[in-house]
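Coordinate analysis (summary)
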Amino acid sequence: MEEVVEIRVSPTKAEDWDSIKRIAAKKSTLSEIQDFQLVKKSIDARSRPPKIQLRVKIATEKIPPLVRNTLPNILPVSGKQNAIIVGAGPAGYFAALKLLERGVKPIILDRGKDVRERRRDLRAIQQEGIVDPDSNYCFGEGGAGTYSDGKLYTRSHKRGNIIGVLQLLVEHGAKENILIDAHPHIGSNKLPKIISNIRESILNKGGEIHFGKRVSDFLFDAKGRIKGVFIGDTGEEFLADATILATGHSARDIYTLLEKHNVPIEFKPFALGVRVEHPQSLIDKLQYGQTKRSEFLPASSYKLTCQVEKRGVFRFCMCPGGLVVPAATAPGEIVVNGMSLSRRDSPFANSGMVTAIESEDLRSLRSESHFAGLAFQKQVEQAMFRSGDGSQQAPAQRMTDFVQGLESKDLPSSSYIPGLFSAPLHKLLPTFVYQRLKEGLIVFGKKMKGYYTQEANVIGTESRTSAPVRIPREPETCMSPGKPGLFPCGEGAGYAGGILSAAMDGQRVAEKVAEFLNVKSTK
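Description of the structure in this document.

Definitions and limits used
- Residues numbered from 1 in each chain as written.
- Predicted model: local features only at pLDDT ≥ 70, side-chain atom pairs only at ≥ 80, totals over all residues.
- Heavy atoms only, no water.
- Helix = DSSP H or I, 4+ residues; strand = E, 2+ residues; numbered from the N terminus.
- Rg over C-alpha atoms; globule rule 2.2 N^0.38 Å.
- Buried < 20%, exposed > 50% of the residue type's maximum accessible area, 1.4 Å probe, protein only.
- Contact = heavy atoms within 4.5 Å.
- Areas by Shrake-Rupley, 256 points an atom, 1.4 Å probe, with all protein chains shown as cover.
- Lys, Arg positive; Asp, Glu negative; His and termini not counted.
- Charge placed at Lys NZ, Arg CZ, Asp CG, Glu CD.
- Axes fitted to C-alpha atoms, helices over the stretch in contact; angles between N-to-C directions.
- Parallel < 35°, antiparallel > 145°, perpendicular 65-115°, else oblique.
- Nonpolar A, V, L, I, M, F, W, Y, C, P; charged D, E, K, R; others polar.
- Pairing = 2+ DSSP bridges.
- Phe/Tyr/Trp six-rings, centres within 6.5 Å; stacked < 30°, edge-to-face > 60°.
- Lys NZ or Arg CZ within 6 Å of the ring centre and 35° of its normal.
- Disulfide = S-S within 2.5 Å.

**A closer look at the overall build of the chain**
A tally of helices and strands in the chain yields 13 helices and 22 strands. Its C-alpha atoms give the chain a radius of gyration of 24 Å, within 12% of the compact-globule value 24 Å for 523 residues. Expressed along its principal axes, the backbone C-alpha trace of the chain runs to roughly 70 × 65 × 40 Å. Buried positions account for 59% of the 523 residues belonging to the chain. For the chain, long-range pairs separated by at least 24 residues make up 72% of all intrachain contacts whose partners lie at least 6 apart in sequence. Carbon and sulfur atoms form 48% of the exposed surface of the chain, whose accessible area is close to 22,400 Å². Between the averaged position of the 73 positive side-chain charges in the chain and that of its 58 negative side-chain charges there is a distance of 4 Å.

**Things to note about unusual backbone geometry**
Of note, the amide linkage connecting Arg-48 to Pro-49 takes the cis form, showing an omega dihedral of 0°. Position of Pro-49 among the secondary structure elements: in the loop between strand S2 (35–44) and strand S3 (51–59). The residue after Gly-460, namely Thr-461, is reached through a cis peptide bond having omega -5°. With phi around 45°, Arg-344 is a residue other than glycine that occupies positive phi space. One can find Arg-344 in the loop between strand S16 (336–340) and strand S17 (348–357). With a relative accessible area of 18%, Arg-344 lands in the buried category.

**Here we look at helix H7 (residues 280–288)**
Considered for burial, the residues of H7 that qualify are Gln-280, Leu-282, Ile-283, Asp-284, Gln-287 and Tyr-288. Summarising the contacts, the buried residues of H7 are in contact with S2, strand S12 (270–279) and S17. Looking one or two places after H7, you find Gly-289, whose phi comes out positive at around 70°.

**Side note on the packing of helix H4 (residues 162–171) against helix H13 (residues 499–516)**
Packed helix pairs are specified by the crossing angle of their axes together with the interaxial distance, meaning the distance between the axes. One way to put it is that H4 packs onto H13 with a least axis distance of 10 Å and a crossing angle of 100°. In terms of their interaxial angle, H4 and H13 are classed as roughly perpendicular. Counted together, Ile-162, Val-165, Leu-166 and Leu-168 of H4 and Leu-500, Ala-503, Met-504 and Gln-507 of H13 form the full contact between these two elements. Grouping the amino acids of the contact of H4 with H13 by side-chain chemistry returns 7 nonpolar, 1 polar and no charged.

**With respect to the sheet that holds strand S8 (residues 226–231)**
The 3 strands are arranged S7-S8-S9 in an open sheet whose pairing can be described as antiparallel. In the strand order of this sheet, the two ends are held by strand S7 (215–220) and strand S9 (236–239), each with one partner. Direction aside, neighbouring strands of the sheet carry axes that sit 25° apart on average. With 5 bridges connecting them, S7 and S8 associate as antiparallel partners.

**Let's talk about the pairing of S9**
By the bridge criterion, 4 bridges tie S8 to S9 in an arrangement that is antiparallel. Within S9, the position partnered with Phe-230 by the bridge is Glu-237. In textbook terms, the turn of a hairpin is the stretch between consecutive antiparallel strands, and for S8 and S9 this stretch comprises 4 residues, one of which, Gly-235, has a positive phi near 75°.

**Some details on the packing of aromatic side chains**
As enumerated under the stated definition, the model contains 6 aromatic pairs in all. Judged by centre distance (6.4 Å) and plane angle (65°), the ring pair of Phe-267 and Phe-270 falls under edge-to-face. The pair Phe-267 / Phe-270 is uniform in exposure class, with both members buried. Both rings, one in Phe-376 and one in Phe-432, keep their centres 5.8 Å apart while their planes meet at 25°; by these two values the pair is stacked. Of the two residues, Phe-376 sits in helix H8 (residues 372–386) while Phe-432 sits in helix H11 (residues 431–447), which places them 56 residues apart along the sequence. The class for Phe-376 is buried, based on a relative accessible area of 5%. For the cation-ring pair, Arg-111 lies above Phe-139, with the distance from its terminal atom to the ring centre recorded as 4.4 Å. When the ring centre of Tyr-495 is taken as reference, the NZ or CZ atom of Arg-470 above it lies at 5.8 Å.

**Points about helix H6 (residues 252–260)**
Within the sequence span of H6, burial applies to Arg-252, Ile-254, Tyr-255, Leu-257 and Leu-258. Tucked inside the fold, the buried residues of H6 contact S7, strand S10 (243–245), H8, strand S21 (469–470), strand S22 (486–488) and helix H12 (490–493).

**Focus: the state of the cysteines**
Summed over the entire model, instances satisfying the criterion amount to 0 disulfides. Cys-317 supplies the cysteine sulfur nearest to Cys-138, a cysteine that is in no disulfide, at a spacing of 11 Å. Exposure remark for Cys-138: the relative accessible area of 10% places this residue in the buried category. Free cysteine: Cys-319, not disulfide-bonded; nearest cysteine sulfur from Cys-317 at 4.0 Å. Looking at Cys-319, the relative accessible area reads 0%, which means it is buried.

Functional significance is not addressed by these values, which are geometric in nature.
Given below as structure tokens:
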């Protein structure tokens, strides 16, 4: 017999397990307690001082551990049934693990490099302004999330088994606290090792992984069934009866290839704006009410949203104790993103501050049809680049100057390594985007007193929030209509918005691939 109780403790007691058990036992109705287990942990920053909210499971018998080792139950595949996966991000890798579980051999192709080799190209972007279009913060093993924070929060609770994905991450080296934290986070310094461990699991169970393989064409038969892919740089063909597209939100060339083969594509609403960077100490003071944050509390975050002109303006990808990084995927563009290391100990806090972009907002680009959002992204990113000196320095303003339409005489300190330069973002951004962001920041300043400040930088541009297109798929089969064997998947196809949702979508699509290949379940 078991029950779950909710308790609140001070931050100093949050790691005192004996104290937690005593408090939980007092709230229990069980007559004989044998075991305790912490199942959820969150911060209540509304109380003063802040409290830690804990959910504790209490039982009259031994409680099974949260972590379960599932990998030994997967048998090595024979290769009788194969499936190609284009992309080695979370959707691709978790699809591969699920295929292995179902007895299908995954053949993973990625245009980029493994996590270790990617570091050199990230250093080149940061320090030299050199953008490798195949290896950057978006492309390469692990996908965009590997070196841009590793947040594991999702609202997509109905899309799959969240705990199952978290369990697999723990099995590959993540700390167990991601199973209980309300907003789990791994960190960009820890995630690469976990990704490389997943790679080893895939290889050890009989899968294949090929880096530096940019897909330049798809191979279809006369009936529209996909037979494989072509790698133009090497002249190689990879053949299989099913292909999963898990290319991420920035593989623009893939969309062009799909259009060439009459694969259905449609416009998808997305969001675009800026990245806002405050001193972390200021955000801590606003959120915790403490002049100096307690050593027992993590760097604080915030969530802000409002409506302007019937469009959402909202905080996106909050990185407490984090860094702003260059996320361009081609020369001639400026794109910024945020990340945090596992300790979240940077003196800065940053988040995307974006507005929703609907098809009605892009009437002037309607000639681009379903690629209107893609064209709009490019225009904004290239305008940001042209305002600079040809490097990856990013245009910025003090928040107050941005709202008032003034070019800043100087800028606050920033975590952005390539550097910032003062520029009129209020003119560089499309007028309707600027007006919404301006009004949104005024509202946020009222909702969170002290948020609107000259101490904050507004940095251009946050434009890769999600893919601006969707690759439609049949609800029951997850296949592209009229293209048997082609399975659009993850963020790039428009069905996910982060590490967890992409991983879950990868698992779901892999199950559909196994059904398509008529593979019987090995469970």
